[in-house]
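Descriptive structure summary
For reference, the chains in residue letters:
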Amino acid sequence: MHVFMYCAMHAFVLFCFQQFMQFIWREYGMPTISFIQPKGGAGKSTSALILATELAKGAKVIVIDADPNAPIAKWSSRGEGTSNLEIIQAGKEDSIFDLIEEAEKKATFVIVDTEGVANLQAAYTISASDFVIIPSQGSALDQDNAARAIKLIKDQERQIRRRIPHAVLFTRVNAAIRSRGMAAAESQLAEHGIDVFETRIIEREAFKAIFSFNTTIDHLNSAQVSGMDKAKTNARAFAREVITRLKSSTGQARQQAVGAV
């Protein structure tokens, strides 16, 4: 009986999420979300894949893997992937503008995983994005590189003369201990008025395992991977906050456009 009630509740939540995704598609168009972090190892690709697989539960998602290491493209080719999710590996000669434009014609959400450097392609990706996520572990080195990413966003805002919504996402966070480094990072960002996600990607075995086993969180074997329920809850919270931020930023953009007329 309890199993039946759990399955029924899960199905109902999934149905509501799918309806919500369709509402976002109708009301706000096909948003492009990019992940920018000039330093490797900050959880950029992991966060991008977590978001993509969560959104794909209710909508068509295309991930453009523009990282030369191609972690998400390799994850897709080595595993079975998941429904509603398509991975496109960007080549050296590919135009990121063309890739995003074509993806937007086919998907409700486009996610771009950029190279771990603040280069011209990253700048182009930012200028084509509806929302930019800057993963950071909260260390001094990560914060310095997050500042570089934010400067790149500000430069693109001046160039294209529009606001590009963005926020820092703390990743690989210790669930039990709030370190002094994390506290200092939070304080520094608050002092500079930098937007930060309320949801943090917690350091969990399940998030590492999606690359080890080349599958999604939902298809991991609980006998092999611990803490899956908490990881699933964390992933859902992250996806929900992204959607909320997209709704808010799109509404503000429309208000600005109306006010400028």
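Throughout what follows, the structure given in this document is the object of discussion. Sequence order sets the numbering: in each chain, residues are counted from 1 along the sequence as written. Local features in this predicted model are restricted to residues of pLDDT 70 or higher, and side-chain atom pairs are both shown and tallied only at a pLDDT of 80 or more, whereas totals for entire chains, interfaces and linings draw on every residue. Only hydrogens and water are set aside; all other atoms, that is, all heavy atoms of the structure, feed into the side-chain values.

**Considering the sheet that holds strand β2 (residues 61-65)**
Between any two strands, pairing holds if DSSP finds at least two bridges. A run of H or I in DSSP counts as a helix once it spans at least four residues, and a run of E counts as a strand once it spans at least two, with each numbered from the N terminus. With parallel pairing, 6 strands are arranged side by side in an open sheet as β3-β2-β4-β1-β5-β6. What marks the edges here is a single partner per strand, and that holds for β3 (85-89) and β6 (166-170). Along the sheet, successive strands turn relative to each other by an average axial angle of 20°, direction set aside. In the sheet, β2 pairs with strand β4 (residues 109-113) via 5 bridges, with the strands oriented parallel. Residue I62 lies in a different strand from β4, and its bridge partner there is V110. What makes two residues a contact is simply this: any of their non-hydrogen atoms within 4.5 Å. Helix axes use the C-alpha atoms of the stretch in contact, all axes being lines fitted to C-alpha atoms, and the angles between their N-to-C directions lie in the range 0 to 180 degrees. Relative to the sheet, helix α2 (residues 44-55) contacts β1 (32-35), β2, β3, β4, β5 (131-136) and β6, its axis offset from that of β4 by approximately 165°.

**Thoughts on the nonpolar core**
Most often, soluble globular proteins keep nonpolar side chains buried together rather than apart. Counting 41 residues, the largest nonpolar core has I33, L51, V61, I111, I133 and F238 as the members making the most contacts within it. Residue contributions to this core peak at 8 residues, all from helix α9 (residues 228-260). Not counting residues up to four positions away in its chain, the partners in contact with F238 are F35, S47, I50, L51, I133, L169, F197, T199 and I201. A149, V168, M182 and L189 belong to the second largest nonpolar core, which has 20 residues in total. Nine residue types can take part in a nonpolar core, namely buried Ala, Val, Leu, Ile, Met, Phe, Trp, Tyr and Cys, and a core is a set of them joined through side-chain atoms within 4.5 Å. Only protein chains enter the calculation, and the probe is 1.4 Å; a residue is then buried if its accessible area is under 20% of its type maximum, exposed if over 50%, and partly exposed in between.

**A short note on the side chain of T171**
Topologically, T171 is positioned in the loop between β6 and α7 (180-191). Overall, T171 belongs to the buried group, its relative accessible area being 1%. Ignoring any residue separated from it by four or fewer positions in sequence, one finds T171 in contact with A42, G43, S47, P135, S136, Q137 and I201.

**Let's talk about the packing of α2 against helix α3 (residues 71-78)**
Two elements in contact, α2 and α3, have axes whose closest approach is 10 Å; the angle formed by their N-to-C orientations is 50°. Looking at the two axes, α2 sits oblique to α3. Residues S45, A48, L49 and T53 of α2 pack against P71, I72 and W75 of α3. For this classification, under 35 degrees means roughly parallel, over 145 means roughly antiparallel, 65 to 115 means roughly perpendicular, and everything else is oblique.

**Quick word on the pattern of salt bridges**
Put simply, a salt bridge is a Lys or Arg side-chain nitrogen that is within 4 Å of an Asp or Glu carboxyl oxygen. Following the criterion strictly, the structure yields 16 salt bridges and no others. Among the salt bridges present, the one from E186 reaches R200, with a minimum N-O distance of 2.8 Å. Taken as a pair, E186 in helix α7 and R200 in the loop between α7 and α8 (205-212) lie far apart in primary sequence, 14 residues in all. Classification of E186 by relative accessible area gives buried; the value is 18%. R200 gets classed as partly exposed once you look at its relative accessible area, which sits at 24%. Counted as one network, the salt bridges with shared partners bring together K44, D67 and D113.

**Observations regarding the pairing of β6**
Of all 5 residues in β6, 5 are buried, a share of seventy percent or more. Burial of β6 is two-sided: the residues H166, V168 and F170 facing one way and the residues A167 and L169 facing the other way are all buried. When β5 meets β6, the two strands line up parallel, connected through 5 bridges. Across the sheet, residue I133 finds its bridge partner in β6, namely A167.

**Structural notes on the packing of aromatic side chains**
Ring pairs are drawn from Phe, Tyr and Trp, using the six-membered ring of Trp, whenever the two centres fall within 6.5 Å, and their geometry is named by plane angle: stacked under 30 degrees, edge-to-face over 60, tilted for the rest. As enumerated under the stated definition, the model contains 3 aromatic pairs in all. Ring geometry for F131 versus F197: centroids 6.1 Å apart, planes at 75°, classification edge-to-face. Here F131 is found in strand β5, whereas its partner F197 is found in the loop between α7 and α8, with 66 residues between them in sequence. Per residue, the accessibility class of F131 equals that of F197, and both read buried. Ring pairing ties together the aromatic residues F131, F197 and F238, which thus form one cluster. Geometrically, a charge over a ring is one whose NZ (Lys) or CZ (Arg) sits within 6 Å of the ring centre while staying within 35 degrees of the ring normal. The ring of F197 carries the charged tip of R245 above its face, separated from the ring centre by 4.6 Å.

Any functional reading would require information beyond the geometric quantities listed.
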